[in-house]
Amino acid sequence: MSDFLQSYGFLIVTLIQAGLLGLSLYFPLMAGQLSLASPGFYALGGYVAAIMLTNPAFAGLRDTLGNGIFPLTWLAAGLLCALAGVIVGVPALRLRGIYLALATIAFVEILRVVSLNLSITGGAIGIFGIPQAFGFQDRWQYLLIFGPLLALVLAFTYMLQKSRVGRAFRAIREDELAADAMGVPPTQYKVLAFVIGAVIAGIVGSMSAPFLNTWNAKQGTFDASIAILAFVLIGGSRSMWGPVVGGALLTAVPELLRFLQDWRLVINGLVLVIASLYLPQGIVGALAKLRKSPPPARPPIAPAPDAKGGTL
Amino acid sequence: MTAAVPQPTSRTVLEARNMTRRFGGLIAVNDVSFDVREGEIFGLIGPNGAGKTTLFNLMTGLTPPSSGTLMYEGRPVLGLAPHRVAALGMSRTFQNIRLFKALSALENVKIAQHTRTHAGLWRGIFGANRAEEAQVERRAWELLDLVGLSDRAGEEAGNFSYGDQRRLEIARALATEPRVLLLDEPAAGMNTSEKGSLTAFIREVRDKFDLTVMVIEHHVPLVMNLCDRVAVLNFGQLIAMGDPASVQRDPKVIEAYLGGE
């Protein structure tokens, strides 16, 4: 078991990381908003953690808290990304479709250029020598924080989807104007979906900075935006399992095909093309079609106060 | 010119005064004033392009007005966002059906209960919304029963026939718990037998939910049977208003529909 973790632990952590970033993009998509801002918030969250863990200004805090500093970096990254999400989201979400995508790419680029030029972010060199989380000796031990985070985000997503807020997201995705006319305020929920995505990406970033040991402006780029979008499109954008499956697959395939050397990127490209041609709903979407979902069960005429809802 | 505003015999629910909407040089709705009384079924007719749907869009916040006022129960409506109008108690259907097509019939009706429910993000995440969800579920099924679609609750709304989609839209509009229901061409796309039962259905809904109903409709027999009063729009202006029989005899109305000398 430990041999397996020694060999594949790093890869598995990377798969989970990809799935989480896919989920961060999936949230705005639930409300019909194509945002490519995830790498920006991921980079931001990483910088927050890297600065808190290495900057002399936080030395006192680190000494006082010991390992407690790590959860604090997650919290700080989440809060800062929520704030940044509101600041970016409110004006950007006035745009629709491809224009929103372009605006969010601009946000990622602005953050990248700013971080290249600030001294607190280490300029072009970035921040290095970030201490390992909780004194982890091996990379696979990061499964102990990324695994629970994935489980938590999936549980959060599952509960959200069947709640009133989830219905509001879907209504906006289907027809924003009709949703508005039926009492769902679109702007409020679009910003909420965007902010949830930002917080997830930021926390993933704050956990990734110690994992990668170094953090620089290459962490949040346009390439990453497209890669994360591919996770969601290949996996499926209509189910929370889509981004997880897509993220894991698109991260694993190039690694597992390493023996093919340079050809592996060709295979990776082929997977993308074939999947988008033959699985327009994504892998999970195609699988879901095979399984007919049962008709919703009607609740009893006079249900008890704690009666379960239908299947939705 | 604007027709004189009649003295309402019972309580006035909607009070439109000088409502105007210009699109560039076109005056789609021109200085329209009318009162709608509580509980009545108020018809809005007129030739194509007369401004009927634009008037509905103004009333429900989808199109901002150029000028004028609309009071609902003494509160101003014009200028409010659509979801605020829905929260006030005015709901509508659309001429070109705007259901959430990829979602199930049941979910369409659940979504529209948004303004009458309160569970926020965290109550949903921690499952502290059980009682409210059960209520939403129950109401959604009741409304589907009302429009005869409960045995197809799980089907995607987009797969329904036109007639069924129109009925589902009415169920969805009712889910917002309105006091005023605005129906934009409810009979369009319905077959003859569906049209025949629509009059009784709209009356039943009005009585059951204590509604005031405004309806845009082209199908003349339906308007004549259904409406207590009818207003006629032509080129954005109100040219006649009154009981269906007298409006039908009005020379100005005949001229609007058939063309003058």
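Rules and cut-offs
- Residues numbered from 1 in each chain as written.
- Chains lettered and ligands numbered in written order.
- Predicted model: local features only at pLDDT ≥ 70, side-chain atom pairs only at ≥ 80, totals over all residues.
- Helix = DSSP H or I, 4+ residues; strand = E, 2+ residues; numbered from the N terminus.
- Buried ≥ 20, exposed ≤ 12 C-beta atoms within 10 Å, placed from the backbone.
- Contact = placed C-beta atoms within 7 Å.
- Pairing = 2+ DSSP bridges.
- Axes fitted to C-alpha atoms, helices over the stretch in contact; angles between N-to-C directions.
- Nonpolar A, V, L, I, M, F, W, Y, C, P; charged D, E, K, R; others polar.
- Expected span 1.5 Å × (residues − 1).
- Right-handed = clockwise from strand over helix to strand, strands pointing away.

Draft legend 1. Fine view of the overall build of chain A. When you go through chain A residue by residue, the secondary structure sums to 13 helices and 0 strands. Judged by the C-alpha coordinates and their principal axes, chain A covers about 65 × 45 × 45 Å. A burial count over chain A gives 48% of its 312 residues as buried. Residue pairs at least 24 apart in sequence account for 78% of intrachain contacts in chain A once pairs closer than 6 positions are excluded.

Draft legend 2. Geometry of the sheet that holds strand 7 (residues 180-184) of chain B. Residue and element names in this part refer to chain B. An order of 6-7-8-3-9-10 is seen for the 6 strands of this open sheet, with the pairing classed as mixed. This sheet does not close on itself; its edge strands, each paired only once, are strand 6 (90-92) and strand 10 (237-242). For this sheet the average axis-to-axis angle between neighbouring strands, irrespective of direction, equals 20°. Direction of pairing for strand 6 relative to strand 7: parallel, over a ladder of 3 bridges.

Draft legend 3. The interface of chain B and chain A, seen in detail. With 38 residues of chain B in contact, the opposing surface of chain A contributes 32 residues. Mapped by element, the contributors of at least two residues to the side of chain B that touches chain A are helix 2 (82-88), helix 3 (105-111), helix 4 (121-125) and helix 5 (130-146) of chain B. For the side of chain B that touches chain A, the element with the highest residue contribution is helix 5 of chain B, accounting for 7 residues. Along the lines of polarity and charge, the residues of the side of chain B that touches chain A split into 18 nonpolar, 10 polar and 10 charged.

Draft legend 4. Inspection of helix 9 (residues 186-212) of chain A at higher detail. Residue and element names in this part refer to chain A. Relative to the 39 Å expected for 27 residues at 1.5 Å per residue, helix 9 spans 38 Å between its end C-alpha atoms, a close match to the ideal helical length. Within helix 9, 24 of the 27 residues are buried, which leaves the element mostly enclosed by the surrounding structure. Directly after helix 9, the chain includes Asn213, whose backbone phi takes a positive value near 75°.

Draft legend 5. Representation of the pairing of strand 7 of chain B in the model. All names here are of chain B. Taken across its 5 residues, strand 7 has 5 buried, putting it largely inside the fold. Along strand 7, one buried face is formed by Val180, Leu182 and Asp184 and the opposite face, lined by Leu181 and Leu183, is buried too. As paired elements, strand 7 and strand 8 (residues 212-216) share 5 bridges and run parallel to each other. Each bridged residue has a counterpart across the sheet, and for Asp184 the counterpart in strand 8 is Ile216. You can see the chain leave strand 7, run along helix 7 (residues 192-209) and come back into strand 8, and the turn it takes is right-handed.

Draft legend 6. The arrangement of the environment of B:Leu198 in detail. All names here are of chain B. Note on placement: Leu198 falls in helix 7. For the pair formed by Leu198 and Pro65, sequence separation is 133 residues and the distance between their alpha carbons is 32 Å. Excluding anything up to four places from it in sequence, Leu198 contacts Pro186, Ala187, Met190 and Leu222.

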